[in-house]
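Below are the chains, spelled out letter by letter.
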Amino acid sequence: MESFDALTSLVAGGGVVVLSGAGLSTESGIPDYRGPSGVARRHTPMTYQAFTRDPLARRRYWARSHLGWRLIAGAAPNAGHRAVAGLQHAGLVDTVITQNVDGLHGAAGSPSVIELHGRLDEVTCLDCGNLTSREELHRRLREANPEFVARVAAVNPDGDVDLPDEQVAAFRPVDCGICGTGMLKPDVVFFGETVPPQRVTRCFAAVEQARSLLVLGSSLTVMSGRRFVIRAAKRGIPVAIVNQGPTRGDGHATVCVDAPLGAVLPQLAARVGAGAPLKV
Ligand SMILES: [Zn+2]
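Residues numbered from 1 in each chain as written. Predicted model: local features only at pLDDT ≥ 70, side-chain atom pairs only at ≥ 80, totals over all residues. Heavy atoms only, no water.

Asker: For this particular structure, what's the right way to read the environment of V189?
Answerer: Take V189: it is sitting in the loop between β6 (184-188) and α8 (197-209). Along the sequence, V189 and G118 sit 71 residues apart, while their C-alpha atoms lie 6.2 Å from each other. Leaving out residues up to four positions away in the same chain, V189 has contacts with L116, H117, T194, V195, P196 and R199. (Helix = DSSP H or I, 4+ residues; strand = E, 2+ residues; numbered from the N terminus. Contact = heavy atoms within 4.5 Å.)

Asker: Help me understand the pairing of strand β4 (residues 118-125), please; the structure alone is not making it clear to me.
Answerer: Regular strands place side chains that alternate from one sheet face to the opposite one. The sheet contact formed by β4 and β6 spans four bridges and is antiparallel. Following the sheet pairing, V123 is matched in β6 by P186. By the bridge criterion, three bridges tie β4 to strand β5 (residues 131-133) in an arrangement that is antiparallel. Within β5, the position partnered with V123 by the bridge is T132. (Pairing = 2+ DSSP bridges.)

Asker: Would you mind going over the UniProt feature "binding site: NAD(+)" (unreviewed entry) in the protein chain with me for this structure?
Answerer: Residues annotated by UniProt as "binding site: NAD(+)" (unreviewed entry) correspond here to Q99, N100, V101, D102, G217, S218, S219, N243, Q244, G245 and L261. Tracing the backbone through its elements, the reader meets V101 in the loop between β2 (93-98) and α5 (104-107). A relative accessible area of 13% means that V101 is categorised as buried. Its place among the elements puts Q244 in the loop between β8 (239-242) and β9 (255-257). According to the relative accessible area criterion, Q244 is partly exposed, its value standing at 39%. (UniProt positions renumbered as here; feature names shortened; annotations may be inferred. Buried < 20%, exposed > 50% of the residue type's maximum accessible area, 1.4 Å probe, protein only.)

Asker: What's the story with the sheet that holds β4 in this structure? I'm lost.
Answerer: Note on sheets: strands pair through backbone hydrogen bonds, and any given pair is parallel or antiparallel. Across the sheet, three strands lie side by side as β5-β4-β6; this open sheet has antiparallel pairing. Each having just a single partner strand, β5 and β6 make up the two edges of the open sheet. This sheet shows a mean twist of 45° between the axes of neighbouring strands, independent of strand direction. (Axes fitted to C-alpha atoms, helices over the stretch in contact; angles between N-to-C directions.)

Asker: Looking at this structure, I do not really get the sheet that holds β9. What am I missing?
Answerer: Spatial ordering of the open sheet is given by β3-β2-β1-β7-β8-β9, a layout of six strands whose pairing is parallel. Bordering the open sheet on either side are β3 (113-115) and β9, each of which pairs with just one other strand. Strand after strand, the sheet turns through a mean of 15° between neighbouring axes, direction not considered. Note: strand β1 (residues 16-20) against β2, five bridges, orientation parallel.

Asker: I tried to follow the pattern of salt bridges on my own but got confused; where do I start?
Answerer: All chains considered together, the criterion is met by nine salt bridges. A salt bridge links E143 to R139, with the shortest nitrogen-to-oxygen separation between them at 2.7 Å. In this pair, E143 and R139 are both assigned in helix α6 (residues 134-144), four residues apart and thus about one turn of the helix distant. Here R139 falls in the partly exposed class, since its relative accessible area comes to 34%. Across the pair K185 and E193 runs a salt bridge, and its minimum N-O distance is 3.3 Å. The network of salt bridges with common partners includes E115, R119 and D121. (Salt bridge = Lys/Arg side-chain N within 4 Å of Asp/Glu carboxyl O.)

Asker: Would you mind going over the packing of helix α3 (residues 55-73) against α6 with me for this structure?
Answerer: The relative placement of two packed helices is expressed as an angle between their axes plus a distance between the axes. Orientation of α3 relative to α6, taken along the N-to-C sense of each, is 130°, at an axis distance of 11 Å. If you check the angle between α3 and α6, you find them oblique. Between α3 and α6 the crossing geometry is left-handed. Taking contact as the criterion, the partners of W62, S65, H66, W69, R70 and A73 in α3 are, on α6, R134, E135, L137, H138, L141 and R142. Looking at the contact of α3 with α6 residue by residue, the class counts come to five nonpolar, three polar and four charged. (Parallel < 35°, antiparallel > 145°, perpendicular 65-115°, else oblique. Left-handed = near helix turned anticlockwise from the far one by under 90°. Nonpolar A, V, L, I, M, F, W, Y, C, P; charged D, E, K, R; others polar.)

Asker: Sorry, what's going on with the UniProt feature "binding site: Zn(2+)" (unreviewed entry) in the protein chain here?
Answerer: Sites flagged by UniProt as "binding site: Zn(2+)" (unreviewed entry) map to C125, C128, C176 and C179. A maximum C-alpha distance of 8.6 Å among these annotated residues, which run over 55 residues, shows that they cluster at one spot. If you trace the backbone, C128 turns up in the loop between β4 and β5. In this structure C128 comes out as partly exposed when scored by relative accessible area, which is 32%. Those residues within four positions of C128 in sequence are excluded, and the remaining contacts are C176 and C179.

Asker: Help me out: how do you make sense of the coordination of the zinc ion in this one?
Answerer: By definition of the ideal shapes, four donors in a tetrahedron about a metal sit 109.5 degrees apart, and six donors in an octahedron sit 90 or 180 degrees apart. Protein-derived ligands of the zinc ion are C125 (SG), C128 (SG), C176 (SG) and C179 (SG), with the metal-ligand distances lying across 2.3 to 2.4 Å. Classification of the site at the zinc ion rests on its four donor atoms, whose angles at the metal span 103 to 117°, yielding the label tetrahedral. Summarised as a motif, the one-chain spacing of the donors to the zinc ion is C-x2-C-x47-C-x2-C. Of the two residues, C125 sits in strand β4 while C179 sits in the loop between α7 (165-169) and β6, which places them 54 residues apart along the sequence. On the basis of relative accessibility, which here comes to 2%, the residue C125 falls in the buried class. (Donors = N, O, S within 2.8 Å, 3.2 Å for Na, K, Ca; no water. Tetrahedral: all angles 85-135°; square planar, octahedral: opposite > 155°, others 65-115°.)

Here it is as structure tokens:
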């Protein structure tokens, strides 16, 4: 395959920065909003504005997320994540920037990951600013809702699940355990919220130093990720995209591979000599 050969020679050249999205985690059982498996898209992601201003929306979020958390926490990295970690250990990939909040790059052994949209396994208090673990919150939510058992219909990439309103009404969210009254929010960037500027600056710096930018499993629908592709293209840095289906960055790419990541990435790692020590 001509495009696979072009992808291989780009990655073999080293100095690669990876930008990954939800498509990389679908094979770990975490569905994609916009990819081929997200066709139905019944789910509207929580916005920052609704979360902070509407107590009912917040209750609904925590009720659903409380159920979805077990599925997210139980997800394991797949062959694609392991191949990326292999490429990093082989010195070909310098930095991974991910739009995913599932922590699976780290779980696969990636040493250097910028989590653009935060992590679902951490919780922040919007009043006192303290960061606590999601496991700890999960324990507190379980204690506050001993009777709460519900059937999960579907889980979404942000750990949210679909749940009927009457079940939401019975759920009791908890406030910050440190300051006592603060509003808790998962330490992820919601829709309608901006990524912390320092984090964006780190990403731009990594992209500008890259020899190539490799996009994995992102349709680049939101500007949050697409801006790095645009910056790379403007600087004359080659962009390669591996994704199932077209993306909004295809016009900026020198190489596009439309294929499942769990199949392509281990082959790529093997071709550049980074796949051998990894179990796939
Ligand atoms: Zn607090």
